[in-house]
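Descriptive analysis of the structure
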Amino acid sequence: MNLYINTDGERERERERERESNAPMEDNKQEGIFKKHSKFLHRCFVLLSIFSLFPSYSQSFDYGEALSKSLLYFESQRSGRLPHNQRVSWRHHSGLTDGLEQGVDLVGGYYDAGDNVKFGLPMAFTVTMLSWSVLEYGEQIAGAGEYLHALEAIKWGTDYFIKAHTRPNVLWAQHMTVSQVGNGDTDHYCWQRPEDMTTSRQAYKVDANNPGSDIVGETAAAMAAASIVFRKTNPHYSHLLIQHAQQLFEFGDKYRGKYDESIKVAKGYYSSVSGYMDELLWAALWLYKATDKDEYYLNYVLEKAHSFGGITWAMTEFSWDVKYVGVQIIASMLLIEKKHEKHKHVLEQYRSMAEHFLCACLNKNNVTNVQRTPGGLLYTRQWNNMQYVSTAAFLLTLYSDYLRASNQELNCHNGVLGSQELFSFAKSQVDYILGSNPKTLSYLVGYGSNYPQRVHHRGASIESYKRDKGFIGCTQGYDNWYGRHDPNPNILLGALVGGPDNKDQFKDERSNYIQTEACTYNVAPIIGVFAKLHGLKGTDLYGDPNLLASSSS
């Protein structure tokens, strides 16, 4: 099982979602044989043990194509009035009256998945991860010719957040930020294109009397991260984003509470199981990075490290809900800067928690490791498991770069690993996604010749509005389109679906939303990894020929 572990002495407790039990893979029994040998032989063993976990599906992949198509996916998810340079031609304007009933302009933003609802918490996490990908791998994204598209994907989200935050004086007077548009219950009873929506477009807000520190904190993090992205290309916009982020952080910290306690309709869709403390730490760290190292935000992360769980919760997932690992990774990487020597005691505790996650992904912890399918895919949860694979691949790649730059190693209970091992495993997860798996199926829609044809997605599964402008009603979509066995008429290019079960099995059925629905936060983290891999095309991947097994040539 996937557990929270409180290292401050509390017993492990299960998360409050459905899980599937699956015994973790056994540690390699031969490891002890090599302990007496040299460091070189040990490293060779670690590489061999990692690769032995995966069957050989010899393929080469075009990571640049995967990157390009992934960015196209965000255009498929756009809500609002589409721009003249919209490349996904089967989509059209939608949600043009969002916020009208409340007297607020809430047109824009992203639909989270295969429905027509704009959920603020996962949308903000999507933008944070897009921004982080650009900050870390912007050069490689630019090398693939996709930098402007990446910036457009980020700005489509931040433009919406600026609207949702209303004006600064309204925020501070009423502490209002709109967090969710659309009604999850009514929308899920309908199957229709977003262009035809007749479902409720009620907007819900959090304010001083109805707090939502988690969604406010994540939105602050998204705007802070994006402000760094736009610092050189659009300094005025960057400054505006910082202002919003700082105001939001102050609001979220002053009026604390879970957003799903204030917005009851969010429960059952995006329930905030981890609470809001991780988001406040997360927002503070991004503000520290965005405000030219304002010590206030760093001190917040240091002073609240224990009370907010930053150095007491060891996690095995990083997601739209649980941000602790992201906080721990960023905090631990601050140790490379000499000026943080005075904070070494706390930052090293953050690093210990970060490395617990990384070792769990690599199956190198004594007890708590992330499960794997027989084909080698990380397996966290039955529902939309690929979101956890995507975030893990990103963090493993990022930390691999950090270890390499700082000439350090990852010390796990069951072995010492170098940057190559981390990156090799991250690459194996990406290759599994693209088709190096038992079903030889690409879980990235539109990539390769064999990919899911019946994605659980309203717009993609119904004839395009551009082809048929006739109104398709709420139940008409279910009657005429939902149950069809035919492939979707529109290809949801670049969508990363929920993926296989714990036995590598996958049913390409529209009704199988657990496996065939894609989400924006599945795709955002892997953008950077695709870019990194594309940038290494033609090289020997960190100078180690053993890592070329399934790379592009």
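Residues numbered from 1 in each chain as written. Predicted model: local features only at pLDDT ≥ 70, side-chain atom pairs only at ≥ 80, totals over all residues. Heavy atoms only, no water.

Quick look at the pattern of salt bridges
- Evaluation of the coordinates by the stated rule reveals 23 salt bridges.
- Residue lysine 264 is joined to glutamate 261 by a salt bridge in which the shortest nitrogen-to-oxygen separation is 3.3 Å.
- Residues lysine 532 and aspartate 401 are paired through a salt bridge, measuring 2.9 Å at the closest nitrogen-oxygen approach. Here the residue lysine 532 occupies a position in helix 19 (residues 520–535), and aspartate 401 occupies one in helix 14 (residues 386–406), the gap between them amounting to 131 residues.
- Three or more residues are tied together by salt bridges with common partners; here these are Lys258, Asp260, Glu261, Lys264 and Lys267. (Salt bridge = Lys/Arg side-chain N within 4 Å of Asp/Glu carboxyl O. Helix = DSSP H or I, 4+ residues; strand = E, 2+ residues; numbered from the N terminus.)

What about the state of the cysteines?
- This model, assessed by the stated rule, comprises two disulfides.
- Put simply, cysteine 190 and cysteine 474 are joined by a disulfide, and their sulfur atoms are 1.7 Å apart. Its S-S torsion of about -95° marks the bond between cysteine 190 and cysteine 474 as left-handed, since a negative value means left-handed. A residue pair is termed long-range when its members are at least 10 positions apart, and cysteine 190 in the loop between helix 6 (184–187) and strand 5 (203–206) and cysteine 474 in helix 17 (residues 474–482) qualify at 284 residues.
- Look at cysteine 190 and you get buried, because its relative accessible area is 6%.
- Here cysteine 359 connects covalently by a disulfide to cysteine 412, the sulfurs 2.0 Å from one another. Looking along the S-S bond of the cysteine 359-cysteine 412 disulfide, the torsion reads about -85°, which is the left-handed sense. Residue cysteine 359 is found in helix 13 (residues 344–361), and its partner cysteine 412 is found in strand 9 (residues 410–412); the two are separated by 53 residues along the sequence. The exposure classification of cysteine 359 matches that of cysteine 412, with both residues buried. (Disulfide = S-S within 2.5 Å. Buried < 20%, exposed > 50% of the residue type's maximum accessible area, 1.4 Å probe, protein only.)

Some words on the nonpolar core
- Of all hydrophobic cores here, the largest spans 153 residues; its most connected members are Trp132 and Leu434.
- If sequence neighbours within four positions are ignored, leucine 434 has contacts with Phe61, Tyr63, Ala66, Leu441, Ser442, Leu444, Tyr447 and Phe530.
- Within the second largest apolar cluster, five residues are counted, among which are Trp191, Ile462, Ile472 and Tyr482. (Core = buried A, V, L, I, M, F, W, Y, C linked by side-chain atoms within 4.5 Å. Contact = heavy atoms within 4.5 Å.)

Some details on the packing of aromatic side chains
- Enumeration according to the criterion identifies 28 aromatic pairs in this entry.
- On the numbers, 5.2 Å between centres and 80° between planes, the contact of tyrosine 443 with phenylalanine 506 is edge-to-face. In this pair, tyrosine 443 sits in the loop between helix 15 (419–434) and helix 16 (458–461) while phenylalanine 506 sits in the loop between helix 17 and helix 18 (513–516), placing the two residues 63 residues apart along the sequence.
- Ring pairing ties together the aromatic residues Phe125, Trp132, Tyr137, Trp282, Trp286, Phe318 and Phe394, which thus form one cluster.
- The ring of tyrosine 237 has lysine 155 sitting right over it, with the charged end atom 4.7 Å from the ring centre.
- The ring of tryptophan 481 has arginine 484 lying over it, and the distance from NZ or CZ to the ring centre is 4.0 Å. (Phe/Tyr/Trp six-rings, centres within 6.5 Å; stacked < 30°, edge-to-face > 60°. Lys NZ or Arg CZ within 6 Å of the ring centre and 35° of its normal.)

Focus on the environment of asparagine 363
- On the secondary structure map, asparagine 363 appears in the loop between helix 13 and strand 7 (371–372).
- Residues asparagine 363 and cysteine 412 lie 49 residues apart in sequence; the distance between their C-alpha atoms is 9.3 Å.
- Side chain to side chain, asparagine 363 and asparagine 369 meet in a polar contact 3.4 Å long. (Polar contact = N/O pair within 3.5 Å; in protein donor to acceptor, adjacent residues only side chain to side chain.)

Re the environment of serine 271
- Following the sequence through the fold, serine 271 ends up in the loop between helix 9 (259–262) and helix 10 (277–290).
- Overall, serine 271 belongs to the partly exposed group, its relative accessible area being 22%.
- For the pair formed by serine 271 and aspartate 260, sequence separation is 11 residues and the distance between their alpha carbons is 6.1 Å.
- A distance of 3.0 Å separates a polar atom in the side chain of serine 271 from a polar atom in the side chain of aspartate 260.

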